[in-house]
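Working through the structure, step by step
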Amino acid sequence: MATNKDKNPRGKKKRVKNDEGRMALKEHLIEARNRLFKSLIALTLGTVAGFFVYDWLLALLIAPVKDAGGSVVFTAVMSPFDIMIKVALFVGLIVSSPVWLYQLWAFIVPGLKKNERRLSYSFVAAAVPLFLGGVAMAYFVLPFALEFFISLSPENSDNLLNISEYLPFIFRLLLAFGLAMLVPVLMVGLNMVGILPAKLILKHWRITVFLIALVAAMAAPGGDAITMFALAGPLFITFAVATLICHFNDKKRAKKLAAQEAENERLASGETSGIDTPSPIDKPKSQL
């Protein structure tokens, strides 16, 4: 029978300390709900901030169209309000990226060992700059893509882009670049927790190269070669760097495991170190 010592003042059982982070299915669902709720709060706050920079950001997104000789138009009464919400949500997604990236990785961490939870901060520290860098890189190649498509317009014609179609196109491009840059970080993170060894990556390198090229081709609007190579190049470089990091980490892990096994074999054979051997001063006087 449970006593009052086993319960808190509200009558609930105290949470048992779990150093390994193991959870039941119900606890995993609760954990997912809590982390999703935190991410939504951060997204909401970021979206509110997005309304304050709406005019500046919309002008920034439309500038490449004007530089390429085109223009954007609003074709519906509700379009300005709809576009304002979409831009604010996009800003919220970018601004809140440190929060939802941390929550995404931290959701995996409770199923791991306690000493591996510090990887959450390392993951976010590497993932956020790469994600933002991917978004910035996409904006850099955007003028080249727009110039290519607008150049296909017949002579003596005006290229008027519907803002409701143009902005989703831009957002998909920016997010595709940003999310694609997270793949190397995810590789290293999975390797750190022992899920993705470097040998497995090297064994299937052809498939990985094909997937990178496929992602770059899908992210490139209309199959634009400039955009595709602009995304594929950094992805190949970061993939190579991530593979090297995984390789050195595997070597370090194997060396540590070998030393641990050697120590276990030494202890199993009955060998002891000099520290465990009693000194003459510890022996009874009858043996001195």
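Placed above this text is the structure.
A short tour of the structure in this document, coming up. Since we're looking at a predicted model, the values are computed, not measured. (Residues numbered from 1 in each chain as written. Predicted model: local features only at pLDDT ≥ 70, side-chain atom pairs only at ≥ 80, totals over all residues. Heavy atoms only, no water.)

**Details of the side chain of Thr47**
The condition is simple: Strands here are runs of E lasting at least two residues and helices are runs of H or I lasting at least four, both read from the DSSP assignment and numbered beginning at the N terminus. Here the term buried applies to any residue with accessible area under 20% of the maximum for its type, exposed to any over 50%, and partly exposed to those in between, with areas from a 1.4 Å probe on protein chains only. Any pair of N or O atoms that falls within 3.5 Å is considered a polar contact. Within protein, one atom must be able to donate a hydrogen and the other to accept it, and sequence-neighbouring residues count only if both atoms are side-chain atoms. Two residues qualify as a contact provided that any one of their heavy atoms is within 4.5 Å of a heavy atom in the partner residue.
Counting through the fold element by element, Thr47 comes out in helix H1 (residues 25–52). By relative accessible area, Thr47 is classed as buried at 11%. A polar side-chain atom of Thr47 sits 2.7 Å from the main-chain carbonyl oxygen of Leu43. Here Thr47 is in contact with Ala88, Leu89 and Gly92, once residues within four sequence places are set aside.

**Quick notes on the packing of helix H2 (residues 54–67) against helix H3 (residues 79–95)**
In plain terms, the rule: The convention used is that axes are lines fitted to C-alpha atoms, helices contributing only their stretch in contact, and that angles between N-to-C directions extend from 0 to 180 degrees. An angle counts as roughly parallel when it lies under 35 degrees, as roughly antiparallel when it exceeds 145, as roughly perpendicular when it falls between 65 and 115, and as oblique in every other case.
Where H2 meets H3, the axes come as close as 10 Å, and the angle between the chain directions of the two elements is 90°. Between H2 and H3, the interaxial angle falls into the category roughly perpendicular. Where H2 abuts H3, its residues Tyr54, Leu57 and Leu58 lie against Pro80, Ile83, Met84, Val87 and Val91.

**Overview of the packing of aromatic side chains**
Quick reminder of the rule: Whether two aromatic rings pair depends on their centres lying within 6.5 Å, for rings of Phe, Tyr and Trp, where Trp uses its six-membered ring; planes under 30 degrees apart make the pair stacked, over 60 edge-to-face, and the rest tilted.
On inspection of all chains with the given rule, the structure shows two aromatic pairs. On the numbers, 4.4 Å between centres and 15° between planes, the contact of Phe90 with Phe171 is stacked. Placement of the pair is Phe90 in helix H3 and Phe171 in helix H6 (residues 163–180), with a sequence separation of 81 residues. Each member of the pair, Phe90 as well as Phe171, is classed as buried. Considering the side-chain rings of Trp100 and Phe131, the 5.6 Å spacing of their centres and the 85° angle between planes classify their relative orientation as edge-to-face. Of this pair, Trp100 sits in helix H4 (residues 97–108) while Phe131 sits in helix H5 (residues 119–150), and the two are 31 residues apart along the sequence. A single burial state applies to Trp100 and to Phe131, both of which are buried.

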